[in-house]
Protein chains: 2
Amino acid sequence: MRYVIDFSEGSKEQADLLGGKGANLAEMTKMNLPVPTGFTITTEACLEYLKKKETMSTDIHSEIHQHVLSMEERTKKRLGDSSEPLLVSVRSGSKFSMPGMMDTILNLGLNDETVLGLSQKTGDSRFAFDCYRRLLQMYGDVVCGIDKNRFDQQLEFYKEKKGYLLDSEMQAKDWQKLVAVYKNIFLEVTHQSFPQDPYEQLMSAVEAVFRSWNNRRAVTYRRLHDISDSLGTAVNIQEMVFGNFGVKSGTGVAFTRNPATGEKGIFGEFLLNAQGEDVVAGIRTPKPISALETLMPDVYQEFLTLSHLLESHYKDMQDIEFTIENGQLYLLQTRTGKRTAKSAFKICIQLVEEGIISKNEAIKRINPTMITRLLHPVFEPNELKNAVVFAKGLPASPGAANGAVYFTAEQAKKASEQGEKVILIRQETSPEDIEGMVVSEAIVTSRGGMTSHAAVVARGMGVCCVVGCEEVYVDEFLTQARVGDVLVRQGDTISVDGTTGTIYLGSIPYIEGDEWQLLKTVTNWAKEGASIDVKANAETPTDIKTALKLGAHGIGLVRTEHMFFGEERISEMRKMILAENKQALLSPLERLKEFQKNDFRAMFTVLKEKSCTIRLLDPPLHEFLPQTEEDILHLANATQRTTSEIKHRIEELHEQNPMLGHRGCRLAITTPEIYEMQVAAIIESAIEVSQKDATLNIAPEIMIPLIGSKEELAFLRKHLEQTIQTIFAKMDQIIPYKIGTMLEIPRACLTAGKIAEVSDFFSFGTNDLTQLTYGFSRDDSGKFIGVYQDKLLVKEDPFQHIDEEGVGTLMKMAVDKIRAFDPTIKIGVCGEVGGDPQTIHFLKKMGVDYISCSPYRIPAAILTIAQEL
Amino acid sequence: MRYVIDFSEGSKEQADLLGGKGANLAEMTKMNLPVPTGFTITTEACLEYLKKKETMSTDIHSEIHQHVLSMEERTKKRLGDSSEPLLVSVRSGSKFSMPGMMDTILNLGLNDETVLGLSQKTGDSRFAFDCYRRLLQMYGDVVCGIDKNRFDQQLEFYKEKKGYLLDSEMQAKDWQKLVAVYKNIFLEVTHQSFPQDPYEQLMSAVEAVFRSWNNRRAVTYRRLHDISDSLGTAVNIQEMVFGNFGVKSGTGVAFTRNPATGEKGIFGEFLLNAQGEDVVAGIRTPKPISALETLMPDVYQEFLTLSHLLESHYKDMQDIEFTIENGQLYLLQTRTGKRTAKSAFKICIQLVEEGIISKNEAIKRINPTMITRLLHPVFEPNELKNAVVFAKGLPASPGAANGAVYFTAEQAKKASEQGEKVILIRQETSPEDIEGMVVSEAIVTSRGGMTSHAAVVARGMGVCCVVGCEEVYVDEFLTQARVGDVLVRQGDTISVDGTTGTIYLGSIPYIEGDEWQLLKTVTNWAKEGASIDVKANAETPTDIKTALKLGAHGIGLVRTEHMFFGEERISEMRKMILAENKQALLSPLERLKEFQKNDFRAMFTVLKEKSCTIRLLDPPLHEFLPQTEEDILHLANATQRTTSEIKHRIEELHEQNPMLGHRGCRLAITTPEIYEMQVAAIIESAIEVSQKDATLNIAPEIMIPLIGSKEELAFLRKHLEQTIQTIFAKMDQIIPYKIGTMLEIPRACLTAGKIAEVSDFFSFGTNDLTQLTYGFSRDDSGKFIGVYQDKLLVKEDPFQHIDEEGVGTLMKMAVDKIRAFDPTIKIGVCGEVGGDPQTIHFLKKMGVDYISCSPYRIPAAILTIAQEL
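Residues numbered from 1 in each chain as written. Chains lettered and ligands numbered in written order. Predicted model: local features only at pLDDT ≥ 70, side-chain atom pairs only at ≥ 80, totals over all residues. Heavy atoms only, no water.

As named in an unreviewed UniProt entry, chain A is Pyruvate, phosphate dikinase, taken from Enterococcus plantarum. Regarding chain A, the UniProt comment filed under Sequence similarities (unreviewed entry) reads as follows: "Belongs to the PEP-utilizing enzyme family." Check the Cofactor (unreviewed entry) section of the UniProt entry for chain A; it says "Mg(2+)". (UniProt positions renumbered as here; feature names shortened; annotations may be inferred.)

Structure below.
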């Protein structure tokens, strides 16, 4: 086991061991790109250190030592040497990027002697002491836990005393004096001096970075992004290059394509005469990278070349950190760039068009959860006409949002927990703010650029974000933001447009986003050769149209009971339920039939020959009954009854456990007229629509819910087929149709092989099936499911992701039994888990033919299925 | 295929083909007993006849003809011969005895000529014409469907005209005249003469008997006794012998042991000078068989000898029909006699003691359903002291009952459907009355003997019955019964003691029967080597003692929630539920613990080392909350709260589907204190009881309900074991214990192999498991389950008999998975189906270790299990 790997030994495939940063530094070294020399201490070393209660083994110690010696040889510099001092950066780097979550120390190796050597060697003692004071602050913060504000305060005091406004006014002497002050802070807080031994500095810094794996920010971030706690971080030790080495120096970050829009071309920004953390922290507002073209044309051209090289090497958009030291370009990091959903789609499509990746590869790169973000919201154009602009900034993450303003993460979190929609406004955000950012509708900062902490994090979360609104004076202490004399106080409402970078006063309504074309391109690729169809759960023509636009193969679940809730309809429904005899039943049923026929005609007209599975009435009748005194009175008047008669009937229909009661097919067995009406409405309207267009071949699929035995379905099937035959005779036309059932009662799964003898198709109703298999009522389990999750007694909500072990076993049994009877019977899933990617993997293995979910989940489902090919 | 088998060719094993009667006639013929010659037309012939739309094939026709010829040869008589006429009986006989349900015709072969021949040959023309008129009436009824009352009326008119009171006053001339009248009835009703051709008579009679298989009485009887409709009946053609051939003749029925009490010795009755149907129909009251000893000592001795011979040949109590023709004894039937439950037990025990059958054979002969009847009710002795006797009769079927009097089967049925307890009083019952008899608490007749229709049917059904109350004048038309001037009208209440034959006025309370000793003998035999233990569902010491007395191996289910319903206890329970914090919870819990400890100590003291499985709290908490305003007020006062606070809490605890809600182990996961208290109470009281008797080794089994996953049980187990360890330390004693779970959630069955990793034992809770597997709430399914049964959509109530196809499949999976993990883990069943014989067969195949049911179902369960050995 080796704990330390030189950049020249590793490769980009070793992110597990070297972390993402280390692996890519190694890769770039292998590619002979201008990377400062260095080595990586592996994640294994970190894990061992943490496991051994934060003690570094002598093995790790001596390997680091060996690699430092080798670096010294290569660079002809020595750690602690006063004439040729080797300075290094110490950076964390785990397998998955966790921007800013862990710690970094720059300029390590400086002490009271080497700072003089650096000063002498560079002829720039201002630079040398600036570096030294930075080391003191970072080391103090990261290694010794000294509040970095203590250092900042002293700098502010010093500048005030001197009458300086900007850091650039600080001279060599000033920094030197400040270094003395900083060193005093060490003594004061830790009762020890700042360590002058560079080896001591190095080892302590490495340990501190190891420990930062478990700091609160990092843990929160990992939880949020589903990153395992057991990975550990690597540590990269690299020779320092200095972007703060005068006007021919600088540091920057650039993307090979636009991470917000996906547009082609280099996109980034840089700061002249600055060290890396100045860019990321957003303290100074950087220049766009294009400005480099005029300032240092050679460097700019070299950077363009290297960018292209990296993008085609990695076959994806890269996020590159670079430093220019006195006109010499160095690459400090490259990684696959984070991007917005829109940009992700656009870049994938571009890369396919450019022949760099295959369609298949493109599909695999799209995380299905991006789709919701792709279709991000925009403000109502009409509402925008009269909107009052508060400020403008950089459009860091697209979208539109409104909410109440809060100025600290803590306040934002608190307000959000009270149910308020919040917008977080900060001068700049830092990793400590993560919990407040997560709950915000939008994030606004007065400082920082497109790659600042706020911008990167917001894009990652798909949260609308505007940064660098420099005209806004943000007073976090007084909890207010001011532009001129316009004041926004804590709790005031604003609206934020992350796509344009505009902030408005007041609350502007927005509409959901709509990047249909990008989505369609990708889902169409995904549908090619997919083994599972994706259908929609939808009833209204609007929803059906949306579903088709989003790629649905058809409608897998029409919930006919949803059609009974309109005011006029529910009144007829109630009359039907109250009917005392068959005669009284017929007239409301006849009217309900007309409503249903209208709905079905509209449905078939939109769908044409696409498959359409219509589920007959499912819920217990008492769900349709009036609840309020007013409704009861209304119904009493409408039916010429007394309110007490109505109440009596409601009581009669009351059930102890309606979920297990008189509903679904059980209603049809006791009152066959309801399903007869529904089936007649389906068949008649299908015939009517197909009569208008002779080429149309409509074949409705009638689905009977809550079947538990072959006997039930056989009985209803026989009965309903008589109704259908009568209609065929009456209308003198025959159309194809299917009669199938849901698999939502455990007994139906257990006896599915027999039910298959009388069912043309099946669809799993995972909601009911999960309720019954767990014995959990969805309505009631709220009282204990939270405790279950806290105590880790359920891993995941079984109503969100299929419970593979329990419910899944039952489903597998059913599929096997049905297939054994007839391998060609179509089996689908129409519970909401049908749209859950995790569940889809499982269903695919099980061998279902289609899934059906709500329209907006369709593209994700299509992608998930394609990603498994 | 042969359709007709001679008595000399068959044997008792051929009941399928020859019917019970035919097979036994063949057997007796083979044994050379005095059986009149004859043959049997097989059930196959019947089935073919019915299948061919009631046409008799020429094959059957000619086979019958052949056998008649052969009979004629043996008897030297000929069918239709005027000097030596052969007369035969035509009797139905199916595989299972269906007494009186199908038709019989005697004296067939008589016509206007042969009647004269018979008269001449016997020298008794009164006898000959008596036989002829009987044939006319039976043939008219059975073959031609002429109401037999028409014949009876004419007889009554005739007797009235002549001033006769009794049939015996009728002379030869009288019968001759009546024959003419009867023949006129034929002409009048059927417009045809009575057929003079004996072959025509024979074939028509055979067809009529075939058809009688499907008459309404027979179909009802078969449904009631679970006899298949597809068996068909055989027809026995046998030479007539005449019990009505003068004073040296007679006919009777006898049992080789007493069918009511099981006492040894011949038991029966006979009528002098009568034909068989006179005894069965109960028209005349017969003499006890002992009277035969004085009247015809030789015949009596011969009969005793033959009875013993038959009993030891058949190895069971026989029910023998005999006829004495002019001093010559003939056996017309033998069959295993129907008997009361008590008699069945007693006879079985005697036969074992006599070395005739083995214990195993004895066990197999006891139908488990007899046990309930064995323990038949008796009146409260104290109440009897002041009871007013209405009448006395023959104690035909033991038991005690009270109810409202009805005089027709129809009225009795109607009243019973209204929920009334009814007693049927008739002059005599006939097969047409069967539907009224089934619903009656008791049956009383004014005529008939111990083997009359009423007596036989009542014993078979285990219904209390008194017959032959000759002092009672029953007027079915006026719907009243009178003894002297005491009148009982329709709807009046009487009490009937079937054990003593006494009828009382008014309603006398009774206590359930108690034949413990007989039962114990048989269940003890049954328990020898049984593979499945039978335990009881019981909590109170009384129930536990009853259970042990009835043979329970231990207690398989203590429902601790049953212990919370006492007035004082429920008040503490309610306080606990209302508790707002842990502190307020503790004091009521402490008091509940004391109650539980008292109960558990009593339980362990009774049970000693017998196994005891205690289920922790199962139902949702709101079941314990007050329902009425008064109770709410009471609770409010007791807890110093307002009623509206109480109501608010009740509302909070309300659940949409409590069956699927916050109950069982889910309560313990959110409020661990409840199970902690229960477990502490169990362990502490077990230690306390075992401390009183150092030899006692009490090992309580703690059962956790409603487990759906291994995680739940593992969590609770760990938690509760900490409680137990604390008690062991505190009391300085360690006792063995087990922690197991119910299998009542489908998911638990599906994942039973994993749950087995943390469960010491399992018990199927078939009630909940059936509810969830079917998705049927027991509380609500009443609204549709009736319709399901009517439409044959469920064969049987799945809460009564396990649903093998659905629930059973799930159980089988669970057992297999548990056994695969550890073949030694005990698996039981504690749902109520555990006591159902049909279910036990299934469970045994599945391989469960024990079943647990309510105490009174235990002996039947033990027997059922033993019968499978």
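That covers the picture; the talk isn't over yet.
A. Highlighting the overall build of chain A. Secondary structure assignment for chain A yields 35 helices and 31 strands. Projecting the C-alpha coordinates of chain A onto the three principal axes gives extents of approximately 105 × 60 × 50 Å. The 869 residues of chain A split such that 58% are buried. A fraction of 68% describes how many contacts in chain A between residues 6 or more apart in sequence connect residues 24 or more apart. Entry remark: accessible area of chain A is about 34,800 Å², with carbon and sulfur atoms responsible for 49%. (Helix = DSSP H or I, 4+ residues; strand = E, 2+ residues; numbered from the N terminus. Buried < 20%, exposed > 50% of the residue type's maximum accessible area, 1.4 Å probe, protein only. Contact = heavy atoms within 4.5 Å. Areas by Shrake-Rupley, 256 points an atom, 1.4 Å probe, with all protein chains shown as cover.)

B. Spotlight on the relation of the copies chain A and chain B. Note on the copies: chain A fits chain B at an RMSD of 0.4 Å, the axial shift is 0.6 Å, and the rotation between them is 179°. Seen this way, the second copy is the image of the first under a two-fold rotation axis. By residue overlap, the copies meet face to face through one surface: 100% of the interface positions of chain A are interface positions in chain B. (Least-squares fit on C-alpha atoms with pLDDT ≥ 70 in both.)

C. Expanded view of helix 35 (residues 858-867) of chain B. Counting buried positions along helix 35 of chain B gives nine out of ten residues, so the element sits mostly inside the fold. Of the positions making up helix 35 of chain B, those classed as buried are I858(B), P859(B), A860(B), A861(B), I862(B), L863(B), T864(B), I865(B) and A866(B).

D. Focus on the sheet that holds strand 26 (residues 611-615) of chain A. All names here are of chain A. The strand order 24-25-26-27-28-29-30-31 describes a closed barrel built from eight strands, whose pairing is parallel. In this sheet, adjacent strand axes meet at a mean angle of 25° when their direction is disregarded. The pairing of strand 27 (residues 701-704) with strand 28 (residues 738-743) spans four bridges and is classified as parallel. When the bridges of strand 28 are listed, M703 appears paired with G740. (Pairing = 2+ DSSP bridges. Axes fitted to C-alpha atoms, helices over the stretch in contact; angles between N-to-C directions.)

E. View of the side chain of T523(A). Residues and elements named next belong to chain A. Mapped onto the fold, T523 is located in helix 20 (residues 516-527). Residue T523 is classed as buried on the basis of its relative accessible area of 4%. Excluding anything up to four places from it in sequence, T523 contacts P859 and I862.

F. Geometry of the interface of chain A and chain B. Contacts between the two partners involve 47 residues from chain A, matched on the other side by 47 residues from chain B. Of the roughly 4,300 Å² buried between chain A and chain B on both sides combined, carbon and sulfur atoms contribute 59%. Across the contact surface, chain A and chain B share six salt bridges. The partner of E805(A) in a salt bridge is K754(B), with the nearest N and O atoms 3.6 Å apart. Our count for the chain A to chain B interface comes out at 18 residue pairs in polar contact (both at pLDDT 80 or more). Elements with a contribution of two residues or more to the side of chain A that touches chain B: helix 25 (643-653), helix 26 (665-670), helix 28 (710-731), helix 29 (746-750), helix 31 (766-774), helix 32 (782-790) and helix 33 (804-821) of chain A. By residue number, the principal contributor to the side of chain A that touches chain B is helix 33 of chain A, which donates six residues. (Buried area = accessible area lost by both parts, 1.4 Å probe. Salt bridge = Lys/Arg side-chain N within 4 Å of Asp/Glu carboxyl O. Polar contact = N/O pair within 3.5 Å; in protein donor to acceptor, adjacent residues only side chain to side chain.)

G. Seen up close, the UniProt feature "active site" (unreviewed entry) in chain A. Residue and element names in this part refer to chain A. The sites that UniProt annotates as "active site" (unreviewed entry) are H453 and C830. The annotated residues occupy 378 residues of the chain and do not converge on a single region, their most distant C-alpha atoms lying 41.4 Å apart. In this fold, H453 is placed in helix 19 (residues 453-461). A distance of 2.8 Å separates polar atoms of two side chains, one belonging to H453 and the other to T429. Secondary-structure assignment places C830 in the loop between strand 30 (826-829) and helix 34 (837-846).

H. Quick look at the packing of helix 22 (residues 567-578) of chain B against helix 23 (residues 582-607) of chain B. All names here are of chain B. At a closest axis distance of 8 Å, the pairing of helix 22 and helix 23 adopts a crossing angle of 145°. Taken as a pair, helix 22 and helix 23 cross one another with a handedness that is left-handed. Of helix 23, the residues touching helix 22 (which contributes E568, R569, E572, M573, K575 and M576) are L585, P588, L589, R591, L592, F595 and D599. Grouping the amino acids of the contact of helix 22 with helix 23 by side-chain chemistry returns seven nonpolar, no polar and six charged. (Left-handed = near helix turned anticlockwise from the far one by under 90°. Nonpolar A, V, L, I, M, F, W, Y, C, P; charged D, E, K, R; others polar.)

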